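Read off the chains here:
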Amino acid sequence: MSHKISPIFDAVINALKEEKVIAYPTEAVFGLGCDPDSENAVQELLALKNRPWEKGLILIADNYERLCPYIDDGQLNDIQKETIFSFWPGPVTWVIPARATTPKWLTGKFSTLAVRVTDHPLVKQLCSMYEKPLVSTSANLSGLEPCRSAEEVRQQFGTRFPVLEGEVGGCKNPSEIRDALTGKLYRQG
């Protein structure tokens, strides 16, 4: 069943299918993203960011089910799951054990994967239409501030860069990151 793609989504959906990197608004800043299953796209994203693959990446999705192929939530107990779900959808990223099949280009040197169920309406719609989660890292070149508008993305990445037009959410800082097993705070939100 094919549904009509809204014009604002056309270019970014096509770019994702072509294994390109896109930019889109998130809760606090614009994110750079790509298809998590495309090693080529992830390598392009890492090169753009000048980011070592060892650090691993975040996956962002419109619902928990889209993240399940990448994470081993069988290692989480009911209380840990309840804690995670009490923050989702929202701007908290959880580090969860990864499945053995999850590509190293996503997990980096870790056996875990950082994941988030977003409440940003445009990203939710994009993930729903693309039927996959997206890689998510702040849209900025190394050493520059994260972009907070489509115009800033174009200033840093060029006018031809595929951007999902929209406003960022009301958060001041990029997402908080916590360990799902221990609750440890890795990055303050």
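This one's a predicted model, so the numbers in the text were calculated from it and none came from an experiment.

Asker: Explain the nonpolar core to me, and be specific about the residues and the numbers.
Answerer: Grouped together as the largest cluster of nonpolar side chains are 37 residues, with contacts concentrated most on Trp88, Ile96 and Val153. Of all the elements in the fold, those that place two or more residues in this core are strand 2 (30–33), helix 2 (39–49), strand 3 (58–61), helix 3 (64–67), strand 4 (92–97), helix 5 (104–107), strand 5 (112–117) and helix 7 (150–157). For this core, the element with the highest residue contribution is helix 2, accounting for 4 residues. If we skip the residues at most four places from it in the chain, Val153 touches Ala23, Phe30, Ala139, Cys147, Gly158, Phe161 and Val163.

Asker: Requested: an account of the pattern of salt bridges, with residues and values cited.
Answerer: This structure, assessed with the given rule, holds 7 salt bridges. With its nearest N and O atoms 3.1 Å apart, the salt bridge here joins Arg116 to Glu27. Here Arg116 is found in strand 5, whereas its partner Glu27 is found in the loop between strand 1 (22–25) and strand 2, with 89 residues between them in sequence. Note that Lys132 and Asp37 form a salt bridge whose closest N and O atoms lie 2.9 Å from each other. One end of the pair, Lys132, is in the loop between helix 6 (121–130) and strand 6 (134–138); the other, Asp37, is in the loop between strand 2 and helix 2, and 95 residues separate them in sequence.

Asker: Which residues make up the packing of helix 1 (residues 7–17) against helix 6, and what values do they have?
Answerer: Two numbers describe a pair of packed helices, the interaxial angle and the distance between the axes. Taken N-terminus to C-terminus, the directions of helix 1 and helix 6 make an angle of 50°; their axes are 11 Å apart at the nearest point. On the basis of the axis angle, helix 1 is oblique to helix 6. The handedness of the crossing between helix 1 and helix 6 comes out as right-handed. Of the residues in helix 6, those in contact with Ile8, Phe9, Val12, Ile13, Leu16 and Lys17 of helix 1 are Leu122, Gln125, Leu126, Met129 and Tyr130.

Asker: Tell me about the side chain of Glu27, residues and numbers included.
Answerer: For Glu27, a relative accessible area of 5% translates into the label buried. Within the local environment of Glu27, its side chain forms a polar contact with the backbone nitrogen of Asp119, the two atoms lying 3.3 Å apart. With residues up to four places along the chain from it excluded, the contact list for Glu27 reads Gly90, Pro91, Arg116, Thr118, Asp119, His120, Val168, Gly169, Gly170 and Cys171.

Asker: Got a sec to walk through the packing of aromatic side chains? Specific residues and values, please.
Answerer: Counting across every chain of the model gives 5 aromatic pairs. Taken together, a centroid distance of 5.1 Å and an interplanar angle of 35° make the contact between Phe157 and Phe161 tilted. You'll find Phe157 and Phe161 in the same group, each marked buried. Cluster of aromatic residues (ring-pair linked, three or more members): Tyr64, Phe85 and Trp88.

Thresholds applied
Residues numbered from 1 in each chain as written. Predicted model: local features only at pLDDT ≥ 70, side-chain atom pairs only at ≥ 80, totals over all residues. Heavy atoms only, no water. Core = buried A, V, L, I, M, F, W, Y, C linked by side-chain atoms within 4.5 Å. Buried < 20%, exposed > 50% of the residue type's maximum accessible area, 1.4 Å probe, protein only. Helix = DSSP H or I, 4+ residues; strand = E, 2+ residues; numbered from the N terminus. Contact = heavy atoms within 4.5 Å. Salt bridge = Lys/Arg side-chain N within 4 Å of Asp/Glu carboxyl O. Axes fitted to C-alpha atoms, helices over the stretch in contact; angles between N-to-C directions. Parallel < 35°, antiparallel > 145°, perpendicular 65-115°, else oblique. Left-handed = near helix turned anticlockwise from the far one by under 90°. Polar contact = N/O pair within 3.5 Å; in protein donor to acceptor, adjacent residues only side chain to side chain. Phe/Tyr/Trp six-rings, centres within 6.5 Å; stacked < 30°, edge-to-face > 60°.

Don't take any of this as a statement about function, it's just geometry.
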